[in-house]
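Here are the chains, one letter per residue:
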Amino acid sequence: MIIEIAENAGFCYGVMRAIDIANRALEKHKTLYSFGPIIHNPQVVEEYEKKGLRVVESIDEVDGPVLIRSHGVAPEIYEKLREKGVEIIDATCPFVKEAQRYAKQLCDEGYKVVIFGDKDHPEVKAHLGYTNYTAIAINSEEEAKKVKATRVGVVCQTTQSVERFGRVIEILAKKIRELKVFNTICDATEKRQKAARELAKRSDLMIVIGGKNSANTRKLYEICKETAKNAYHIETEKEIDPEWFKGVERVGITAGASTPSYIIERIYNFIKELK
Ligand code: SF4
């Protein structure tokens, strides 16, 4: 059985940067607060909880320095934290910041802002905040068909698939008189998706590693499912069923942006031992 790990699998620049910022802050502070998990990976979150990173859901729970994770937050959160007088340690990914800036710019220029992404994802919730909640979030071609406005400005959740974004823009371009589009899908996502697709083409089975709550990992899984003969999305080796590998000659492994390399290695070695 040949086992191959896709290029660009695992931690992206923004996640690596956020982890680095969190590590440095935890050297200085015994307790650090974070709105939601630092990254969408339960194993990493557990590890950081032990180091003093407390995950909270509301500002009321905060009474010390706050880490803004790579997904970013809406502008009113910064205001409230400043009012509260707590230190803000901002680990928002620069690519997410760029998308936030474009969302605000389009809103200021009077466009009806459309955010292509999952409206329940924290990154998209933050983008909505930069348009004063006047934007709409859409996540399908069907929803794109329902957009009604003459001037529309579009930004995209950084982890969306390029193909789906392209299809949505095609629909909008056919019906909107003035359409301004910022492709804010980040390089890391594009490269990871491309490498996963290429590997899936030559694999009988794809193993996609990452948090079940990680949007970019779920997207990778979708791509692999469409392309390889078979695909599974797992968080740890405990979920692996040896039966999956019966008669399989080529296995491909990829991992989402929030999957640390030690988990990828552990799973690679586990599969290798199955031979
Ligand atoms: S996937 Fe891209 S935008 Fe998101 S955190 Fe990573 S580098 Fe930043």
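Residues numbered from 1 in each chain as written. Predicted model: local features only at pLDDT ≥ 70, side-chain atom pairs only at ≥ 80, totals over all residues. Heavy atoms only, no water.

Undergrad: Sorry if this is basic, but what is going on with the sheet that holds strand β9 (residues 178-181) here?
TA: Backbone-to-backbone hydrogen bonds pair the strands of a sheet. The strands run either parallel or antiparallel. Judged by pairing direction, the sheet is parallel, and its four strands sit side by side in the order β7-β6-β8-β9 without closing on themselves. Each of the sheet's edge strands pairs with one partner strand only, and the pair in question is β7 (136-138) and β9. With direction set aside, neighbouring strand axes in the sheet form an average angle of 25°. As defined by bridge partners, strand β8 (residues 151-156) adjoins β9 across four bridges and the pair is classed as parallel. Paired with Val-154 across the bridge in β9 is Val-181. Those strands touched by helix α4 (residues 94-108) are β6 (112-116), β8 and β9, and its axis lies near 170° from that of β8. (Pairing = 2+ DSSP bridges. Helix = DSSP H or I, 4+ residues; strand = E, 2+ residues; numbered from the N terminus. Axes fitted to C-alpha atoms, helices over the stretch in contact; angles between N-to-C directions. Contact = heavy atoms within 4.5 Å.)

Undergrad: Could you clarify how one ought to interpret unusual backbone geometry in this entry?
TA: Note on backbone geometry: most residues besides glycine have negative phi, and most peptide bonds are trans. You will see that Asn-132, though not glycine, has its phi angle at about 55°, which is positive. Here Asn-132 lies in the loop between α5 (122-129) and β7. For Asn-132, a relative accessible area of 65% translates into the label exposed. Phi angles above zero are rare outside glycine, and Tyr-133 is one such case at about 65°. Turning to its location among the elements, Tyr-133 is positioned in the loop between α5 and β7. (Buried < 20%, exposed > 50% of the residue type's maximum accessible area, 1.4 Å probe, protein only.)

Undergrad: Explain the site of the ligand to me, please; I cannot follow it from the model alone.
TA: The ligand sits among Cys-12, Gly-14, Cys-93, Phe-95, Val-96, Thr-158, Cys-186 and Thr-189. Grouping the amino acids of the shell around the ligand by side-chain chemistry returns five nonpolar, three polar and no charged. (Near = heavy atom within 4 Å. Nonpolar A, V, L, I, M, F, W, Y, C, P; charged D, E, K, R; others polar.)

Undergrad: Before we go on, may I ask you to explain the sheet that holds strand β3 (residues 53-56) in this structure?
TA: The strand order across the open sheet formed by four strands is β3-β2-β4-β5, and the pairing between neighbours is parallel. Because the sheet does not close on itself, it has two edges, and the strands there are β3 and β5 (88-90). When the angles between neighbouring strand axes are averaged without regard to direction, this sheet yields 30°. Pairing of strand β2 (residues 32-35) with β3, which is carried by four bridges, proceeds in the parallel orientation. The residue bridging Phe-35 from the neighbouring strand is Val-56, located in β3. Together, β2, β4 (66-68) and β5 form the strand contacts of helix α3 (residues 75-84), whose direction differs from that of β5 by roughly 150°.

Undergrad: How should the environment of Glu-178 be read in this particular structure?
TA: Relative to the helices and strands, Glu-178 resides in strand β9. Sequence separation of Glu-178 and Met-1 is 177 residues, and the distance between their C-alpha atoms is 53 Å. Setting aside its immediate chain neighbours within four residues, Glu-178 contacts Tyr-111, Thr-150, Arg-151 and Val-152. A polar contact is formed between the side chain of Glu-178 and the side chain of Arg-151, at a distance of 3.0 Å. (Polar contact = N/O pair within 3.5 Å; in protein donor to acceptor, adjacent residues only side chain to side chain.)

Undergrad: Which parts of the structure should I look at to understand the nonpolar core?
TA: Among soluble globular proteins, nonpolar side chains are generally buried collectively. In terms of nonpolar packing, the biggest core is built from 23 residues, with Phe-35, Val-62, Val-66, Leu-81 and Ile-115 touching the most fellow members. Among the secondary structure elements, those contributing two or more residues to this core are β2, β4, α3, α4, β6 and α5. For this core, the domains that each give at least three residues are domain 2 (13-93) and domain 3 (95-185). Ignoring anything within four residues of it in the chain, the contact list for Ile-115 reads Val-124, His-127, Leu-128, Ala-135, Ile-136, Ala-137, Ile-138 and Val-155. (Core = buried A, V, L, I, M, F, W, Y, C linked by side-chain atoms within 4.5 Å. Domains from an automatic or database assignment.)

Undergrad: I'm lost on the domain arrangement of the protein in this one. Help?
TA: Interface size is commonly expressed as the accessible surface area that is lost when the partners come together. Domain boundaries in the protein define domain 1 (2-10 + 188-273), domain 2 (13-93) and domain 3 (95-185). Counting residues at the interface gives twelve residues for domain 1, matched by eight residues for domain 2. For the pair domain 1 and domain 2, the summed buried surface comes to about 760 Å²; carbon and sulfur atoms form 51% of the total. Across the contact surface, domain 1 and domain 2 share zero salt bridges. Across the contact surface, domain 1 and domain 2 share four residue pairs in polar contact (both at pLDDT 80 or more). (Buried area = accessible area lost by both parts, 1.4 Å probe. Salt bridge = Lys/Arg side-chain N within 4 Å of Asp/Glu carboxyl O.)

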